[in-house]
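Fold and geometry: a report
Take a look at the letters that make up each chain.
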Amino acid sequence: MEVTIFIHAADDAFRILENAKERAVGLLDTATTLTSEARWMEEKRVQSILKGAQEARSGFQNFVATFVILMAFWALLSEKFDAFHLSLGVICSLIVAYISHDLLFANVRVGDGRIIAQRFLHYIPWLLREIVTANFHVAYLALSPRMPIDPQVMTFKTKLESDISWVTLANSITLTPGTITMDIEEREFVVHALDSKVAADLDTGEMEDRVAHIFMEADHIYIQDVLDVSRIFTELKRGR
Amino acid sequence: MIVKSDDIIIKTIARIFVPFIQLYALYVIMHGHYSPGGGFQGGVILGASLALLLITHGYDEMRKRIPEGVIILFGSVGVLIYAGIGLTCLLLGGNYLDYSQLSVILHVDPAHARSLGILGVELGVGFTVMAVMYSIFFDISTGGILPDDEKKSSEWGDNG
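Since this is a predicted model, take the numbers as computed values, not measurements. (Residues numbered from 1 in each chain as written. Chains lettered and ligands numbered in written order. Predicted model: local features only at pLDDT ≥ 70, side-chain atom pairs only at ≥ 80, totals over all residues. Heavy atoms only, no water.)

Notes on the overall build of chain A
Inclusion rule: Helix and strand labels come from DSSP, where a helix needs a run of H or I of at least four residues and a strand needs a run of E of at least two; each type is numbered from the N terminus. We call a residue buried when its accessible area falls under 20% of the maximum for its residue type, exposed when it is over 50%, and partly exposed in between, using a 1.4 Å probe and counting protein chains only. In what follows, residue pairs with any heavy atoms lying within 4.5 Å of each other are defined as contacts. In this description, accessible areas are obtained by the Shrake-Rupley approach with a 1.4 Å probe, and a residue is regarded as covered only by the protein chains that are shown.
A count of helices and strands for chain A gives nine helices and three strands. Helices and strands in chain A line up, N terminus first, as α-α-α-α-α-β-α-β-β-α-α-α. Counting only residues that meet the buried cut, chain A has 33% of its 240 residues in that class. Long-range pairs, those at least 24 residues apart, make up 70% of the contacts in chain A with a sequence separation of at least 6. Just so you have it, chain A exposes about 15200 Å², and 65% of that area is on carbon and sulfur atoms.

In structure tokens form, the structure reads like this:
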């Protein structure tokens, strides 16, 4: 009698294990299909970097891109859409694009523009959330009767590579309440922090990782792995 | 002497914003007869964008980008456009800068001719103001002595 119960229990346990295994395999399959597309793109990019096939954008491409952006800016300013004013806009945009086509898109590589724009748009909500949370912390520091501030200047070496990513990181730091970028010298950021908590937050380097991810610099492929893993985790949670 | 800015943030932001400032200046010039603004204001904004580039990118690069001859040319052409339109009106039998007389040349009604005439004049004013603003800023920031001249005078041992 007891033996049959035991056998039944073992059988049940085995079946449960089998089910769990099947479900895990299914989830892993979903995860692979999720990441495979992104991974394929990244691999192709890395290959072209290694071969040196990816070159800086030509002057003409920059000229056209600058012209399109300036024309949109003109339409926004002018608000007059008759033929005369639009042709004035085309002429003015052509002149400005000709004078300064090398200013707006200095050192952007071929094919990167769309990815950078996409990732930058995804970065903005994250930055806004950081700003709001840091805001509450600074408000607490200011309103607390003890005023537990601990002003300090911290320096860290950045792994970012281009001027535009340095500026994005520096301005993100300055926009976040409690921290201000004082200087960038020789890839070293000098940051003033209001207390040790905001300094520690900055020291985790998450912001730098995200900026590296936008501009596809440093170890951004590794960062892509981390982001993929977070997607797999959400998928796993949903499956449960 | 102009010292090239070392600040990477200022340099990059200036690089990105200068095309938009220049387009805004042209917008102010072109829409001077509809909205506040006009030749002088637009010219000053255009000159300011060049001054910003001069501060951030330094003397050598600006000289490569816009040679001084071009600046002088723009200053003169602007005055020429202004005076030319004025004198054309005078030759057509009206007063100086009486744009309605231009309707004979442009084959449009006098009201439209006034609109086009003032646009041309503002364009001329804008060119001249831009060139002169940039020129004044350039001269003040170099102290009237260009780096090339300094090099020459030090080579020749001339302190004058």
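Now that the structure has been shown, we can carry on.
Some words on the pairing of strand β3 (residues 188-193) of chain A
All names here are of chain A. Under the convention used in this document: A pair of strands is treated as paired once DSSP finds two or more bridges between them.
Covered by surrounding structure in β3 are Phe189, Val191 and Ala193 only, the residues Glu188, Val190 and His192 on the alternate face being uncovered. With six bridges joining them, strand β1 (residues 152-157) and β3 adopt antiparallel strand pairing. The residue bridging Met154 from the neighbouring strand is Val191, located in β3. Note that strand β2 (residues 179-185) and β3 share six bridges and pair antiparallel.

Observations concerning the pattern of salt bridges
Test applied: One speaks of a salt bridge when a side-chain nitrogen belonging to Lys or Arg is within 4 Å of a carboxyl oxygen belonging to Asp or Glu.
For the structure on display, the rule yields 10 salt bridges over all chains. One salt bridge in this structure joins B:Arg65 and B:Glu61, with 3.4 Å as the shortest N-O distance. Of the two residues, B:Arg65 and B:Glu61 both sit in helix α2 (residues 39-65), four residues apart, roughly one turn of that helix. For B:Glu68, the salt bridge identified is with B:Arg63, shortest N-O distance 2.9 Å. One salt-bridge network, held together by shared partners, links A:Asp11, A:Asp12 and A:Arg15.

Points about the packing of aromatic side chains
The condition that has to hold: Pairing of aromatic side chains here covers Phe, Tyr and the six-membered ring of Trp, requires ring centres within 6.5 Å, and sorts the geometry by plane angle: under 30 degrees stacked, over 60 edge-to-face, intermediate tilted.
Applying the stated rule across the entire model yields 10 aromatic pairs over all chains. Centroid distance A:Phe120 to A:Tyr123: 6.3 Å. Interplanar angle 40 degrees. Geometry classified as tilted. With A:Phe120 and A:Tyr123 both in helix α5 (residues 113-143) and three residues apart, this pair spans about one turn of that helix. What makes A:Phe120 partly exposed here is its relative accessible area of 32%. Every member of this aromatic cluster is reached through a ring pair, and the members are A:Trp74, B:Tyr24 and B:Tyr27.

Points about the confidence of the model for chain B
Low-pLDDT stretches of the model should not have their predicted coordinates read in fine detail. Residues and elements named next belong to chain B. Let me state the cut-off plainly: Summary of the metric used: pLDDT quantifies the predictor's per-residue confidence within the range 0 to 100.
Here chain B averages 85 in pLDDT, while 87% of its residues score no lower than 70. Per-element averaging of pLDDT across chain B places helix α6 (residues 147-156) at the bottom with 62 and helix α3 (residues 68-91) at the top with 92. Scored as a whole, the predicted complex attains pTM 0.75, and scored at its interfaces, ipTM 0.82.

So, the interface of chain A and chain B
For clarity, the cut-off: Buried area counts how much accessible surface, traced with a 1.4 Å probe, disappears from two parts once they are put together, with both parts' losses summed.
With 27 residues of chain A at the interface, the matching set in chain B holds 22 residues. Roughly 2500 Å² is buried in total at the junction of chain A and chain B, and carbon and sulfur atoms are behind 76% of that figure. At the junction of chain A and chain B, the tally comes to two salt bridges. A salt bridge links B:Arg15 to A:Asp163; the nearest nitrogen and oxygen atoms lie 3.4 Å apart.

Quick look at the side chain of A:Glu208
All names here are of chain A. The line we're drawing: A positive count includes Lys and Arg, and a negative count includes Asp and Glu. His and the chain ends are not counted in either. As used in this structure description, the phrase polar contact means that two N or O atoms lie within 3.5 Å; if the pair is within protein, one of them must be able to donate a hydrogen and the other to accept it, and residues adjacent in sequence are counted only when both atoms belong to side chains.
Note that Glu208 resides in helix α8 (residues 206-214). One buried charge, Glu208, has no salt-bridge partner; the nearest side chain with opposite charge is Lys159, at 5.3 Å. Side chain to side chain, Glu208 and Thr158 meet in a polar contact 2.9 Å long. Excluding anything up to four places from it in sequence, Glu208 contacts Phe156, Lys157, Thr158, Lys159, Leu160 and Leu169.

Re the sheet that holds β1(A)
Residue and element names in this part refer to chain A. As a reminder, the rule being used: Interaxial angles span 0 to 180 degrees and are taken between N-to-C directions of axes, which are lines fitted to C-alpha atoms, for helices over the stretch in contact.
Pairing within the open sheet is antiparallel, and its three strands lie in the order β1-β3-β2. Of all strands in the sheet, those with a lone pairing partner are β1 and β2, marking the two edges. Sheet twist, expressed as the mean angle between neighbouring strand axes with direction ignored, is 25 degrees. Against the sheet, helix α6 (residues 163-175) engages β1, β2 and β3, with an angle of about 155 degrees to β2.

Section: helix α1 (residues 8-30) of chain B
Residues and elements named next belong to chain B. The cut-off we apply is this: Take the number of residues in a helix, subtract one, and multiply by 1.5 Å to get its expected span. We define the bend at each residue as the angle formed by axes fitted to the 7 residues ending at it and the 7 residues starting at it.
The end-to-end C-alpha distance of α1 is 34 Å, a good match for the 33 Å that 23 residues give at a rise of 1.5 Å each. Phe17 marks where α1 bends most, by close to 40 degrees; the proline Pro19 follows one to four residues later. The N-terminus of α1 is capped by Asp7, whose side-chain oxygen sits 3.0 Å from the backbone nitrogen of Ile9.

Notes on the side chain of A:Thr66
All names here are of chain A. Among the structural elements, Thr66 can be located in helix α2 (residues 59-78). Accessibility expressed as a relative area gives 0% for Thr66, which makes it buried. Setting aside residues no more than four positions away along its own chain, Thr66 makes contact with Ala97, His101, Leu104 and Phe105.

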